[in-house]
Amino acid sequence: MDVITLKDVDKIWGNFQALNHVNFQCKEGQLLALLGPSGCGKSTTLRLIAGLETPTSGTIEIKGKDVTFLPPAKRNISMVFQNYALFPHLTVKENILFGLKARKVPVTERRKRLANAVDLLGLSTLLDRKPAHLSGGQRQRVALGRAIVAQSSICLMDEPLSNLDAKLRQEMRQEIRSLQQRLDMTMIYVTHDQVEAMTMADEIILIKDGNIEQHGTAEDLYNRPETIFAAKFIGSPPMNILSPDANLMKAFSSMLPDGITPESHRIGVRPEDIQISENRGINVEIETIEYLGADTMIGCRFGEQRITMTVKGKNRLHIGDHITLDWKPDHIHLFDAQSGRRLKNI
Amino acid sequence: MKSQFRHRYWNHINGWLLVLPAVFMISMFTHYPIITTLYHSFFSTGTAAHPAKFIGLENYSYLLKDEIFWKVLSNNFLYSVCTVPISIAIALGMALLVNRNIKGLSLIRMSFFSPTILPMIAVANIWLFFYTPGYGLFDQILRAFGGNSHNWLGNLHTALFCLIVMAIWKQSGFFMIFYLAALQQISPELKEAGVAEGAGSWYYFRRVTFPLLMPTTLFVAINAVIESFILVDHLVVMTKGGPNNATSLLLYYIYETAFSFWDSSYAATLTVVLVLILAVITVIQFTTMEKQIHYQ
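Residues numbered from 1 in each chain as written. Chains lettered and ligands numbered in written order. Predicted model: local features only at pLDDT ≥ 70, side-chain atom pairs only at ≥ 80, totals over all residues.

Participant: Help me understand the overall build of chain A in this model?
Facilitator: Within chain A, the secondary structure is distributed over nine helices and 18 strands. In terms of overall dimensions, chain A has a C-alpha envelope of 75 × 45 × 35 Å along the principal axes. Taken across its 346 residues, chain A has 37% of its residues classed as buried. When contacts within chain A are restricted to residue pairs at least 6 apart in sequence, those whose partners lie at least 24 apart make up 63%. (Helix = DSSP H or I, 4+ residues; strand = E, 2+ residues; numbered from the N terminus. Buried ≥ 20, exposed ≤ 12 C-beta atoms within 10 Å, placed from the backbone. Contact = placed C-beta atoms within 7 Å.)

Here it is as structure tokens:
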């Protein structure tokens, strides 16, 4: 069942179009990530769903009800903010109970929900502390606690992990995901970090300049990027987008359909799909070698173009070496050079 | 040895040298006068024929029996009790009103603030006209609705309240600026979180905005109380303490005692009492409000 539906939503500030005909659905119990670079409109989308902004046109439905102009309090959602938005003068306990008191939930019920949330999040020893005396991860947990006690089944998260350090971020990623699944929450999760989106989300919506670039599962986005932008945004290092020049065509024309030109087409190939070959492929010169432990990133050049590949572990290559690179036909992604859209694979 | 000595003491010497000009100024013009005032309060007022002599607490026992002193003191308390909370409430209300995006915002802010930039003497002159019997602003308005002429400042029962209204009008805009600055320090995310949690405006104000503004409230309250005791310029222009001391305030009484009656030692005694009252009120405000304040 679709819990959240956006239909033709536009948001315009002055002459800046923040969102352009956004359409999507989010299913019940799903974790949907809104992914994109900063300023792409992902936070705006979330704020529209929360009711902190109203769309210029279009409608927003929650559980089949048109909520486009309903105030946030009546949408039955909870929200976790990027800076947690904890009330600095209130204790952890009061912060968590803030909304329940505002909604005049009876004391016994409040106590029950608090105990439950505190238990889930391991906050029991921190209840009387104020936010200033908590670490980033603990503050994050309090913000989550506030969302959990609301029991609103829909939780909106605006870059909740962006203020945490890398190690903590990974822990919280798993914790949020498991909470979401245990409490069967429908969650919309805004992030600019593709790793967060890929690891946590059931589905990802990739947004660029107020337009949805692609909506699909992590596998869809990785294996079948619909646009050059999606291809470059997902995956680390990003997909190589190459112009099919004479060098490239000489090596790979047999794998490609006719009529491929540098003006009309782009060829995409993921760094991890490239192999070093003894006999056939394209000749390149190694420009950079970055050893990362598990694998090594090798930056190469042919003609005017650069191409990056990754290989397992350490190897004996040196900068300035000439090697031959090869890849399989089904690892080729073909894009239209003008529109940037994916073309039917060969 | 020598370098260690320099290391240890040079910092202190340096620090004292840096604060010396300020210490000198404050000692000369604040601490020294307070001490000499206290000293003079134990002496009689000297004249050419009868030089000042030590009389112990005689000035203080006279003060306890001085009806005018008790009158001006009660006037002053009434004046403070009315002006301080009302000014603060109005200042907070105005700050909340102008802390948002509305058309003509700067104009509203400016108009709220403009009474502050006028000198008290000018304000008193303007309000003197407002209160003028017969053709003053208030009487003209009243007359339009069929009311009678009033001698606002000449009436024992209305005179002090006339001054109170004017003082509130004058200082609320000034206190508003502090509240406005404090409100802009509060992250807008908190408001959004409150809204998303289902908090209504009043609930949010009571649980979040007001507590977060407490440091400002303390600051403003102390200033307002002190102001209500030490700003008496308007009395000179409007009532000169009359009628029958109905509007006289403590500092104005001190001024009269010292420079109209030339009884400088009794004026010193009154001054000591004024300083004590302000010190006690400030300490009480600090200790009672401090407990409830969350500092960022």
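Participant: Sorry, what's going on with the overall build of chain B here?
Facilitator: Counting its regular elements, chain B contains 13 helices and zero strands. Reading chain B from its N end, one meets helices and strands in the order α-α-α-α-α-α-α-α-α-α-α-α-α. Radius of gyration (C-alpha) of chain B: 24 Å, far over the 19 Å computed for a compact globule of 296 residues. Projected onto the principal axes, the alpha-carbon positions of chain B cover approximately 85 × 75 × 30 Å. A burial count over chain B gives 29% of its 296 residues as buried. The contacts in chain B between residues at least 6 apart in sequence include a share of 70% that link residues at least 24 apart. (Rg over C-alpha atoms; globule rule 2.2 N^0.38 Å.)

Participant: Got a minute to help me understand the sheet that holds strand β14 (residues 282–291) of chain A in this structure?
Facilitator: Across a sheet, strands are paired by hydrogen bonds formed along the backbone, either parallel or antiparallel in direction. All names here are of chain A. In space, the five strands of this open sheet follow the order β13-β17-β14-β15-β16, with antiparallel pairing throughout. Either end of the sheet is taken by a strand with one partner, and the two such strands are β13 (275–277) and β16 (305–312). Pairwise comparison of adjacent strand axes, ignoring direction, gives a mean angle of 50° for this sheet. Pairing geometry for β14 and strand β15 (residues 295–302), over six bridges, is antiparallel. Pairing of Thr288 across the sheet is with Gly299, part of β15. (Pairing = 2+ DSSP bridges. Axes fitted to C-alpha atoms, helices over the stretch in contact; angles between N-to-C directions.)

Participant: Would you mind showing me how to read the confidence of the model for chain A here?
Facilitator: Interpreting fine coordinate detail is not advised for predicted regions of low pLDDT. On average, residues of chain A score 91 in pLDDT, and 99% of them are at 70 or above. Per-element mean pLDDT across chain A ranges from 86 in helix α9 (residues 246–252) of chain A up to 95 in strand β3 (residues 31–35) of chain A. (pLDDT = per-residue confidence, 0-100.)

Participant: What should I look at first to understand the nonpolar core in this one?
Facilitator: In summary, soluble globular proteins display a tendency toward joint burial of nonpolar side chains. Residues Ala33, Leu34, Leu156, Ile188 and Tyr189 of chain A together with Ala91 and Tyr179 of chain B are the most contacted members of the largest nonpolar core, which totals 111 residues. Broken down by element, the residue count for this core peaks at seven residues, all from helix α3 (residues 67–98) of chain B. Both domain 1 (2–233) and domain 2 (240–336) of chain A contribute no fewer than three residues apiece to this core. The next biggest cluster of nonpolar side chains, apart from the first, holds 31 residues, and it includes Ala159, Tyr252, Tyr253 and Tyr266 of chain B. (Core = buried A, V, L, I, M, F, W, Y, C linked by C-beta atoms within 7 Å. Domains from an automatic or database assignment.)

Participant: Before we go on, may I ask you to explain the packing of helix α4 (residues 136–149) of chain A against helix α5 (residues 166–182) of chain A in this structure?
Facilitator: A pair of packed helices is characterised by two quantities: the angle between their axes and the separation of those axes. Residue and element names in this part refer to chain A. For the pair α4 and α5, interaxial distance at closest approach is 11 Å and the crossing angle is 15°. If you check the angle between α4 and α5, you find them roughly parallel. In this structure, α4 meets α5 at a crossing whose hand is right-handed. Between α4 and α5, the residues in contact are Gly136, Gly137, Gln140 and Leu144 and Leu168, Met172 and Leu179, respectively. (Parallel < 35°, antiparallel > 145°, perpendicular 65-115°, else oblique. Left-handed = near helix turned anticlockwise from the far one by under 90°.)

Participant: For this particular structure, what's the right way to read unusual backbone geometry?
Facilitator: Of note, the amide linkage connecting Ser236 of chain A to Pro237 of chain A takes the cis form, showing an omega dihedral of -5°. Within the secondary structure layout, Pro237 of chain A lies in the loop between α8 (228–233) and β11 (240–242). For Tyr84 of chain A, which is not a glycine, the phi torsion comes out positive at approximately 70°. Among the structural elements, Tyr84 of chain A can be located in the loop between β6 (78–80) and α2 (92–102). Owing to 22 C-beta atoms within 10 Å, Tyr84 of chain A belongs among the buried residues under this scheme. For Lys240 of chain B, which is not glycine, the phi torsion reads 55° and is therefore positive. Turning to its location among the elements, Lys240 of chain B is positioned in the loop between α11 (233–238) and α12 (250–259).

Participant: Would you explain the domain arrangement of chain A in this entry?
Facilitator: One widely used convention gives an interface's size as the accessible area the parts lose upon coming together. Residue and element names in this part refer to chain A. By domain assignment, chain A separates into domain 1 (2–233) and domain 2 (240–336). Placing the centre of domain 1 and that of domain 2 at their C-alpha centroids yields a distance of 39 Å. Residues that form the side of domain 1 that touches domain 2 fall into these classes: three nonpolar, no polar and one charged. (Nonpolar A, V, L, I, M, F, W, Y, C, P; charged D, E, K, R; others polar.)

Participant: I would appreciate a short explanation of the pairing of strand β10 (residues 211–216) of chain A in the present structure.
Facilitator: Successive side chains on a regular strand alternate, one facing one side of the sheet and the next facing the other. Residues and elements named next belong to chain A. When strand β9 (residues 203–208) meets β10, the two strands line up antiparallel, connected through five bridges. Residue pairing in the sheet places Ile207 in a bridge with Ile212 of β10. Linkage of β9 to β10, two consecutive antiparallel strands, is achieved through a turn of two residues, within which Asp209 is found at a positive phi near 50°.

Participant: Explain the interface of chain B and chain A to me, please; I cannot follow it from the model alone.
Facilitator: The interface is formed by 16 residues belonging to chain B together with 17 residues belonging to chain A. Among the elements of the structure, α8 (188–196) and α9 (201–212) of chain B are those that each provide at least two residues to the side of chain B that touches chain A. The residue inventory of the side of chain B that touches chain A, partitioned by class, reads nine nonpolar, four polar and three charged.

Participant: Looking at this model, I keep getting lost on the sheet that holds β11 of chain A. Mind explaining?
Facilitator: Residue and element names in this part refer to chain A. Read across the open sheet, the three strands follow the order β11-β12-β18; overall the sheet is antiparallel. Every interior strand has two partners, whereas the edge strands, β11 and β18 (333–336), have only one. Within this sheet the neighbouring strands show an average axis-to-axis angle of 30°, counted without direction. With four bridges connecting them, strand β12 (residues 265–269) and β18 associate as antiparallel partners. Within β18, the residue paired with Ile267 across the bridge is Leu334.

Participant: What exactly am I supposed to notice about the pairing of β16 of chain A here?
Facilitator: Residue and element names in this part refer to chain A. Of the strand pairs in this sheet, β15 and β16 are connected by eight bridges, and their pairing is antiparallel. When the sheet's bridge partners are listed, Arg301 is paired in β16 with Arg306. The turn joining β15 and β16, which pair antiparallel and follow one another in sequence, is formed by two residues; a positive phi near 55° is taken by Gly303.

Participant: Please explain the confidence of the model for chain B as it appears in this structure.
Facilitator: Summarising the model, chain B shows a mean pLDDT of 88, and 99% of its residues fall at 70 or more. Interface confidence for the predicted complex, expressed as ipTM, amounts to 0.80; the pTM equals 0.80.

Participant: Looking at this structure, I do not really get helix α5 (residues 120–131) of chain B. What am I missing?
Facilitator: Helical geometry note: an α-helix holds 3.6 residues per turn, so side chains three or four residues apart project in the same direction. Residue and element names in this part refer to chain B. For α5, spanning twelve residues, the distance from its first C-alpha to its last is 16 Å, which sits close to the expected 16 Å at 1.5 Å a residue. Among all positions of α5, only Val123, Ala124, Trp127 and Tyr131 are buried. All buried residues of α5 fall inside an arc of 100° around its axis, so they share one side. What points out from α5, more than 90 degrees from its buried face, is the exposed set Ile121, Ala122 and Phe129. On its buried side, α5 packs onto α4 (105–117), α6 (137–144), α7 (159–185) and α11. (Expected span 1.5 Å × (residues − 1). Arc of directions from axis to C-beta.)

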